[in-house]
Amino acid sequence: MSDTGINAEPWVPPNLEGTKVEKKKMKSLMRRADGVPLLRFLLCVTSITFYGWLYYLSWGTFWVIPTLILFGGTMSLFSYSASHECAHGTAFKSRWLNESVFWFSSILFGQEPIYRRYSHACHHTYTWFWEKDAQMPFTVRQKVDLFTYFRWYSSLEYHYLFVKIVVLHALGRFSDRTRSFTPQPELPKMQRNSIIFMLIWLGAIGVSLYFQTWALVWFYVLPKVVGDMINMSFVATQHFEMAEDDLNLTHTTRSIKHHWFWDLYYWNMSYHIEHHFAPTVPFHKLPELNAEIKDKLPDPKGVMPITIDVYKAMRNRHLSVEKDALEMPTSH
Amino acid sequence: MAEWIKACQTDDIDEEDVFGFEHDGVKYAIYNTPKGFFASHGICTHEVAMLQDGLVIDTVIECPLHQGRFDVRTGKALSAPVCVDLKTYPVKVDNGDIYLQI
């Protein structure tokens, strides 16, 4: 928490140098709605349920693989994105609707909501500033072995971290890092929520054991493990292997090429620079914001080319001997 | 002793909007809401962010950085990530001019 008192020196969060949107236009972009996001939410839930049904029908055939990828990928992308948008409080105009969907999507995603909200707030304040950004897993200034990247790209690392954090917080053990970005009065609520999360997980395991069913594994655990790899491919495009400790968002953050199908579940986070530029703008208005500022932004690439770029950068760094040879990228 | 300082004119602030004002190096935010004009300290109590760039929804100001919300009439923190109330200031309108008591 920083000093916000009368004489506070303003920390200028990362931004797009010299980029302004006319005030009236920005106000109209910031306005919230219930109808459009509710339609998006229902479309996601019903289509993902349909993919789950296809996956079930395809058991015992070759089609189980593509349907598992489709079901798991869309479920992971949706739960991550809806939880993220609701953490901002921008998903819905009605606060109760926002918080209800926040809980639903966070349970599906597997991260306790209050921790998610505060760690993400910290990420927006200090986007890709090493040792300040709470959602920055490693730095390009240190040699990181390929196994570390594999752990992140496979999502195994964040599954492990989410569970570990919930268990520690349920026990009332908060790291200095967590305390640094969470106001003291929120810690008991974080502990209460973590206990609820543990009860949900243990309850689901208990019910599965009691009824001797593998449904939880086939319809949640396995699709989530597979789907989170797809989700991570998208999440990694946002900041991995970009410049660090830099206030210019075009140096630290990437937008990606818009794709109608994936953006349906990714809730328009392909407009990621735009989102960091104005986090108060709800996801469904990001295309309009993009139209206002796109001439100030780099041309976006697709997920695959970026994943290859990131892989090359990490491989080169892994192979490099001289630490001084490591250069921080400042372009896409 | 508290004094009244002229901040701006009523025409300077659109309906359901906020205006930033600085006096003696201190930032203030003045709100035009459906329930009248209100004023508060200009910086969010959560992190350093200028409320003049936020969104006014009825009598609520939403911080532009992390979307924490305050009731501008009382300064009460309404939703996470804010949980410390905002300092508010009395406002009066005289002949189209807005004054703050600071």
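**Q** Help me understand the overall build of chain A in this model?
**A** A tally of regular secondary structure across chain A gives 15 helices and 0 strands. Judged by the C-alpha coordinates and their principal axes, chain A covers about 60 × 50 × 40 Å. The buried share among the 332 residues of chain A stands at 38%. Of the contacts made within chain A by residues no fewer than 6 positions apart, 66% connect residues no fewer than 24 positions apart.

**Q** How do you make sense of the interface of chain A and chain B when you look at a structure like this?
**A** A common way to state how big an interface is: give the accessible area lost once the parts meet. In this complex, chain A contributes 23 residues to the contact, which on the side of chain B involves 18 residues. Of all the elements in the fold, those that place two or more residues in the side of chain A that touches chain B are helix H1 (23–30) and helix H5 (113–125) of chain A. Take the side of chain A that touches chain B: its biggest share by element is 5 residues, from H5 of chain A. Residues belonging to the side of chain A that touches chain B are distributed by class as follows: 11 nonpolar, 8 polar and 4 charged.

**Q** For this particular structure, what's the right way to read the sheet that holds strand E9 (residues 88–89) of chain B?
**A** Pairing between sheet strands relies on hydrogen bonds along the backbone, with the strands arranged either parallel or antiparallel. Residue and element names in this part refer to chain B. Here we have 4 strands laid out as an open sheet, ordered E2-E3-E4-E9, and antiparallel in their pairing. Each edge of the open sheet is held by one strand with a lone partner, namely strand E2 (17–23) and E9. As paired strands, E2 and strand E3 (residues 26–33) are joined by 7 bridges and run antiparallel to one another. Following the sheet pairing, glycine 20 is matched in E3 by alanine 29.

**Q** Looking at this structure, how should I read the confidence of the model for chain B?
**A** Detailed reading of predicted coordinates is not advised where the pLDDT is low. Averaged over all residues, the pLDDT of chain B is 91; the fraction at 70 or higher stands at 99%. Here the complex is predicted with pTM 0.88, and the ipTM for its interfaces comes to 0.76.

**Q** Explain the pairing of E3 of chain B here, please?
**A** Walk down a regular strand and you will see the side chains alternate between the two sheet faces. Residues and elements named next belong to chain B. Most of E3 sits out of view: 6 of its 8 residues are buried. Hairpin remark: E2 followed by E3, antiparallel, with 2 residues in the connecting loop; positive phi at aspartate 24, about 50°. In this structure, the hairpin formed by E3 and strand E4 (residues 36–41) is closed by a connection of 2 residues.

**Q** Just to check I follow, could you spell out the sheet that holds strand E5 (residues 55–57) of chain B for this structure?
**A** Residue and element names in this part refer to chain B. Spatial ordering of the open sheet is given by E5-E6-E7-E8, a layout of 4 strands whose pairing is antiparallel. Of all strands in the sheet, those with a lone pairing partner are E5 and strand E8 (77–79), marking the two edges. When the angles between neighbouring strand axes are averaged without regard to direction, this sheet yields 30°. Sheet topology places strand E6 (residues 60–62) next to strand E7 (residues 69–71); 3 bridges connect them, and they run antiparallel. Paired with valine 60 across the strands is aspartate 71, a residue of E7.

**Q** Explain the packing of helix H7 (residues 156–170) of chain A against helix H9 (residues 187–210) of chain A to me, please; I cannot follow it from the model alone.
**A** All names here are of chain A. At a minimum axis distance of 8 Å, the contact between H7 and H9 shows a crossing angle of 120°. Here H9 runs oblique to H7, going by the angle between their axes. Read as a crossing pair, H7 and H9 show a hand that is left-handed. Note on element contacts: H9 touches H7 through Met190, Gln191, Ser194, Ile195, Phe197 and Met198, opposite Val166, Val167, His169 and Ala170.

**Q** How do you make sense of the nonpolar core when you look at a structure like this?
**A** Looking at soluble globular proteins, one finds that nonpolar side chains tend to be buried together. In terms of nonpolar packing, the biggest core is built from 78 residues, with Val18, Ala29, Ile30, Tyr31 and Ile61 of chain B touching the most fellow members. Setting aside residues up to four positions removed in sequence, alanine 29 of chain B forms contacts with Val18, Gly20, Ala39, Ser40, Gly42, Leu51, Gln52 and Ile61 of chain B. Ranked by size, the runner-up nonpolar core spans 11 residues in total, among them Ile114, Tyr118, Cys122 and Tyr126 of chain A.

The rules behind each value
Going along each chain's sequence as written, the residues are numbered from 1 onward. All chains are assigned letters beginning at A, and all ligands numbers beginning at 1, according to the order in which they are written. In keeping with the predicted nature of the model, local features appear solely for residues at pLDDT of at least 70, side-chain atom pairs appear and are counted solely at 80 or more, and the whole-chain, interface and lining totals rest on all residues. Strands are runs of DSSP state E lasting at least 2 residues, helices are runs of H or I lasting at least 4, and numbering of each runs from the N terminus. Three exposure classes are used. Buried residues have 20 or more other C-beta atoms within 10 Å of their own C-beta, exposed residues have 12 or fewer, and partly exposed residues fall in between, all C-beta atoms being placed from the backbone. A pair of residues counts as a contact when their C-beta atoms, built from backbone coordinates, are within 7 Å of each other. Note on residue classes: Ala, Val, Leu, Ile, Met, Phe, Trp, Tyr, Cys and Pro are nonpolar, Asp, Glu, Lys and Arg are charged, and everything else, Gly too, is polar. Any two strands with at least two DSSP-identified bridges between them are counted as paired. Think of pLDDT as the predictor's per-residue confidence, scored from 0 to 100. Orientation is described by lines fitted to C-alpha atoms, with helices fitted over the stretch in contact, and by angles between N-to-C directions that extend from 0 to 180 degrees. Geometric relationships in this document are graded by angle, where less than 35 degrees denotes roughly parallel, more than 145 denotes roughly antiparallel, 65 to 115 denotes roughly perpendicular, and other angles denote oblique. Left-handed describes a crossing whose near helix is turned anticlockwise from the far helix through less than a right angle; right-handed describes the clockwise counterpart. To form a nonpolar core, buried Ala, Val, Leu, Ile, Met, Phe, Trp, Tyr and Cys residues must be joined through C-beta atoms within 7 Å.

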